[in-house]
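A structural walkthrough
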Amino acid sequence: YLICASGDFVKVYSVNTEETLRLMGGHADLVTGIQLNPHNHMQLYSSSLDGTIKLWDFMDGIPIKTFTVGSKLLALYALASAEDSVFVVIPKKGERDTFQLASVKLTKGAGQDLESKELSVVLDGVGASVKHIAFGREGAYVASVKGVTLQVYFFKRKLLNRFSLSTIKTKGGDNRFSCVVCHPAEDCIATGHADGKIRLWRNFHNKKEYTYSTLHWHHDIVMDLAFSVEGTRLLSGGVESVLVQWHNESSCQKDFLPRLGSPIEFISMSSDGALSCTLHTDNRITIINSNLRFSRSIQGLIKSRDVKTGLVVDPRTKALVLNGEPGHLQFYSLQSDQQLFSLDIVQRQYIHEAGLKQSDLVKVAFSAQGTWLATVEESEEVADPELQLKLWFYHEEAQSFVLNTRINTPHDNHITDMCFRDMDELGDDSLILVTTGRDCVFKVWVMVEDTDPEAQQSVSWTCDFVGSYHNYQATNCCFSEDGSLLAVSFEETVTVWDSLTWDLKCTFCHPPGNIRKICFGRLTCSKYLIGATDYGFLCCWNLLTCALEWSAHLNVVVLQPDPLSEHIAAVSWLSKESSLFVFKPNEPRPVYIQRNLCKEKVLLAAFVPRDEPEMMSSEKYLWLRKSQLFFLTDTQELMTLSTKSLEERLTPSSKQLAVEESLPVTPFSLLLGKHRRQQAQEDADLGKPVVHSKQEKASPAVKELLHTPAHVLPSASFLCTIFINSLLISKENKSAEEVADEVEMESEKAEDDSDEEDVTAMEQEDTSHMELLGEMTCKLSKSQEKELRKIRKMDYSWISAF
Amino acid sequence: MGEFEVHRVRFFGLVPAGVRCLACHPRGDRLALARTDGAVEVYNFAANYFQEKVIPGHEARSVESLCWAAGDRLFGAGLSGDITEYDLSGLSAARGVDGGGGPIWSMVANSTGTELAIGCEDGSVKIFQVIPGGIQFERNLDRRKGRVLCLSWHPSGTHIVAGSIDFFRVIDVTSGQTVQRIMVNHQVEKAKRECVVWAIALLSSGTVVSADSFGRVQFWDWEQGTLAESHTVSTSATLSLAVSEKEDSIVVGTSTGATYQLQLLPVKLGGVEKRWVRTKPFQFHSHDVRAVAHSPTALISGGLDAQLVIRPLMEKVQKKGYDAVLRKFTFPHRRLVSCARKARLLLFQFSQYLELWRLGSTEETGKDGEVLPLCRMPEHLVQLKSKGPEHIYCSCVSPCGTWVGYSTASRFHLYRVHCDGDSVSLRKV
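About the criteria used
- Residues numbered from 1 in each chain as written.
- Chains lettered and ligands numbered in written order.
- Predicted model: local features only at pLDDT ≥ 70, side-chain atom pairs only at ≥ 80, totals over all residues.
- Heavy atoms only, no water.
- Disulfide = S-S within 2.5 Å.
- Buried < 20%, exposed > 50% of the residue type's maximum accessible area, 1.4 Å probe, protein only.
- Pairing = 2+ DSSP bridges.
- Helix = DSSP H or I, 4+ residues; strand = E, 2+ residues; numbered from the N terminus.
- Core = buried A, V, L, I, M, F, W, Y, C linked by side-chain atoms within 4.5 Å.
- Contact = heavy atoms within 4.5 Å.

**Structural notes on the state of the cysteines**
Residue and element names in this part refer to chain A. Across all of its chains, the model carries 0 disulfides over all chains by this definition. Lacking any disulfide linkage, C478 is separated from the closest cysteine sulfur, that of C519, by 6.1 Å. Using a relative accessible area of 12% as the deciding quantity, one classes C478 as buried.

Pasting the structure below:
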């Protein structure tokens, strides 16, 4: 299992299937640290900014205990040697930006919610990040780095050693520490530095005779380090997105795993050393096996530098489509919180370097059926952008988009908007693409049959019409629902064009201020055109009368129509809070208002159609019946409106009100859980289908047997008959040999089972009796084994008697 | 302050000789250094690393190895096949004894300083006894094929390790037999290159430390013949190695000019288990570091770039002072240039010849720091080759510029210089 802190939640992933197995919520603020309970590997501690430490059973996702500490907790460390206390980083009282490491005594008690305010400060002036503190071999010492100082505190001797490096940046060197880890078996501390060096400190008991050696490969800051379980290998990663493995602390032997996609943020090693994983800045976890091969990746929503494409919904997969890796388009499934696939649009090697001009994807549009995809890419140069319009066709056999037409420089200046004509019933011939550009024109692109027999494809796209209006820059475009009208906004004016003849039908204007967004009403409201202006007006024009129907004073940043209903969502931004208004164009009163939606500015929004219309209990959320609204804020957090807020408010475990954070992008730390147990389970799973039916029948007796502690069990000879009887009932009518085989199989199965159930039994018991219980289960399984062996012998004798 | 004309003398093309070997005095107050031209220098640590003595080189004598023995006696051995004792008061090579095994590649003295062991081209290791007034051949140890490039005594004096190409061997001194022969290149079979053991050391614990041309420093158990640890410190060859007296620190010189320190550190606090760890790299030299030495407080390295670098170990220096400063000896400490003030002549001393130059002159004056145009370029007047195989020890030109004198270790020469216009003639006096 891989456990990862993600926003307010702790997520448990399966290492083998990449699936999110469990989502453990309950913290009221960002989860800052997670640590496996060193005394019970089925349990997990998590700390949060809300000042609580929670103990979880991550197998079942149950919170066991909550310890309230009080102050903000910025990091959490658990030690095997410290019996009932954990270490946390807390802000120092009365001082800003100074932090201290303190140990918290976890009070023992029966209840679920406990107070543990017993804090004792261990180290002062530590860094706030999890990576700045590391505990050494068997918890003998703690190392902390901040700035250019390394502090080592020995618990037994109560000795604090400080080592400082020079602050002078010579030859591009930068000695500031970025991370620290300790060797698991030896007295060795590895530190990463801002200039890419790794220093291995030794002999740091001695204030004077300390010594260090240097490993240097990274050209920029070392983001994180991790020692292997035995300490023979050291992994390091940084912005190069290359994982480096150092052998035996020597600078000559190193292995690389390059092209990991994006800068490495965290590195973690599984407790059995078989796997390691890296967490990347673009919100992805890569799992790597021990021979430094890429194994698999857990991919959430990729955090790209800038979402220029907007949130677009793929009509085919209902996935959210937006910028992913540089130059790529990601298809993100909202249901499974997974990336479906990533489409390389720019098809150029991305080179990581500050200040380099890169080509990136800026606009995306889908046709109504999702068969055509139009993308626009441009280089980052402001004055003379290198533009390319690409049209992709969805290839049914390849199950992906295939490039159909590439148009170089479709406009002379930046493309501001792009849309397809949405006409479901008219087939492919009516498909029209409209692009608007800052070069004051809008262009209409149509499909033409290719006459050239050598061409590989039958159709391609070409420009059909170029329209302009008074030499104003075209900013937005939008088709009406039936596709007969095209609205194009030119700075302050909205123009409406007939899509058959390309005649200018009428214009609307609401000075002052440029038009920011426009959209047509849907269904019953299709005669309305909605526009939002820069000066904070939302206007609704009636297309039949060509007059303003109503207008409202609202600083709209996002205007998004629901494709399945007549509702339109508008998100306004006013004095550091976003508010959501949902209205129907035919009436100026909003259907729904949600003030103070979030603190961040909402940049984009999208309605995603639901698979099946949801039954709404309250009138208030009726507009969310057919589709769900998603927002993307400027911190790249994706949010959605939840309709279940009322029920959720009743349960104490969840604090979420109306806004539910679906995917926060700042996972804070992670660690790899027990892999061994997973495999044991898997083995059991493999065996299951074969003897499934029989096992079920036998199971009550077996279970009873296995759940009883060993010391209360009667003698094995007494149990035997019951046990055998329980096994025999199901197969009276089978031939002797078959039965023998099956019994044998079953006994094996039972052995497997017994192992498994021991563990589960163990989990359910109180943790304080762990050691005792461990012994007991050990005895239990031994006695069982004996029993089972006896059964086998007995069985044969019984068969021969037949 | 008066006005000065500053001459930029860019025509003294002295090529200093590289450092070939270093020998630290066992008591740690003196350092002997041999250069590739055969010159031997003695530095005094106590007197602020002062260059006390210089014994000029000899054409027929190259020094491959130096060692201190029997108190303050300094012995050198070289490819000429002779073992030479240096007369430190008379600053000359005193007596030479033929080693009898061809060119000598290495020579070490035992810890008491009573015996010298030499490693020869023919693969023999010979023991010489140091007697008052000279040395005396004692006996031959087991001879194997392959030149012996490096030697090391066990501190107790019972065994010697001898490194040669592809292998090293451990020799029992009393019986003279090879007790262990260890191949060093068995791990890099596919490379099929020969692996030269450039330096070796035998520690009192019985560990053999070898530095080879694959850039490895390896620690062997000499009784079992097994490899204990291997540190690849460099991608190029490691050429030299020196162990501190406490045997807890090793300095290694490589052919890239970098030196590395390896330290014996406890694996755990308070634990018995210790391990060698490569700790500090230093890059002071531009070329091969042929010689390193380990004094109690400093790492000393000398390279083919003719630099001698003394890097103090900060943790061993108690107080801040002259001892705690990194020292580099780049310039020669002796006077190699003499000036005839009136005649505006400069005499440059090279190891085997002298050069007499006339300085350029100008008629203009200018402000501070201005470059004045020359009306007469500096002129090379004469090159005077010294006679005989001995190198020049010192030289001088008289202020009037008419007399030039130089001396070697054994003779003194005086010349009279006649300058008439452009023609210059020399006459031996």
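Moving on from the model shown.
**So, the sheet that holds strand β32 (residues 338-344) of chain A**
Sheets are built from strands that pair by backbone hydrogen bonding, the pairs being arranged parallel or antiparallel. Residues and elements named next belong to chain A. The 4 strands are arranged β29-β30-β31-β32 in an open sheet whose pairing can be described as antiparallel. Lying at the two open borders of the sheet, with one neighbouring strand each, are β29 (312-313) and β32. Inspection of the sheet shows strand β30 (residues 320-323) paired to strand β31 (residues 328-333) by 4 bridges, in the antiparallel sense. Residue pairing for β31: V321 is matched across the bridge by F331.

**Some remarks on the nonpolar core**
Counting 29 residues, the largest nonpolar core has V494(A), F508(A), L529(A), I530(A), L538(A), L559(A) and F583(A) as the members making the most contacts within it. When neighbours within four sequence positions are excluded, L538(A) is seen to be in contact with I530(A), G531(A), A532(A), W550(A), S551(A), A552(A), L554(A), V556(A), L559(A) and F583(A).

**Some remarks on the pairing of strand β52 (residues 590-598) of chain A**
Regular strands place side chains that alternate from one sheet face to the opposite one. In terms of strand pairing, strand β51 (residues 577-583) of chain A meets β52(A) through 5 bridges, oriented antiparallel. Bridging across to β52(A), V582(A) finds its partner in Y592(A).

**A short note on the side chain of N203(A)**
Looking at where N203(A) falls in the secondary structure, it is placed in the loop between β19 (197-202) and β20 (211-216). Discounting chain neighbours no more than four positions away, the residues touching N203(A) are E209(A), Y210(A), T211(A), L265(B) and P266(B).

**Structural notes on unusual backbone geometry**
Residues and elements named next belong to chain A. Even without glycine at this site, N203 takes up a positive phi of about 55°. Judged by relative accessible area, N203 falls into the buried class, the value being 15%. Of note in the backbone geometry, H470 takes a positive phi value of approximately 50° without being a glycine. Secondary-structure assignment places H470 in the loop between β40 (459-468) and β41 (474-479). On the accessibility criterion, H470 (60% relative accessible area) is exposed.

**So, the pairing of strand β25 (residues 289-294) of chain B**
All names here are of chain B. Summarising burial for β25: 5 of the 6 residues are buried, a large majority. Alignment of β25 against strand β26 (residues 298-303), held across 5 bridges, turns out to be antiparallel. Counterpart to V292 in the pairing with β26 is S301. The turn linking β25 back onto β26 is made up of 3 residues.

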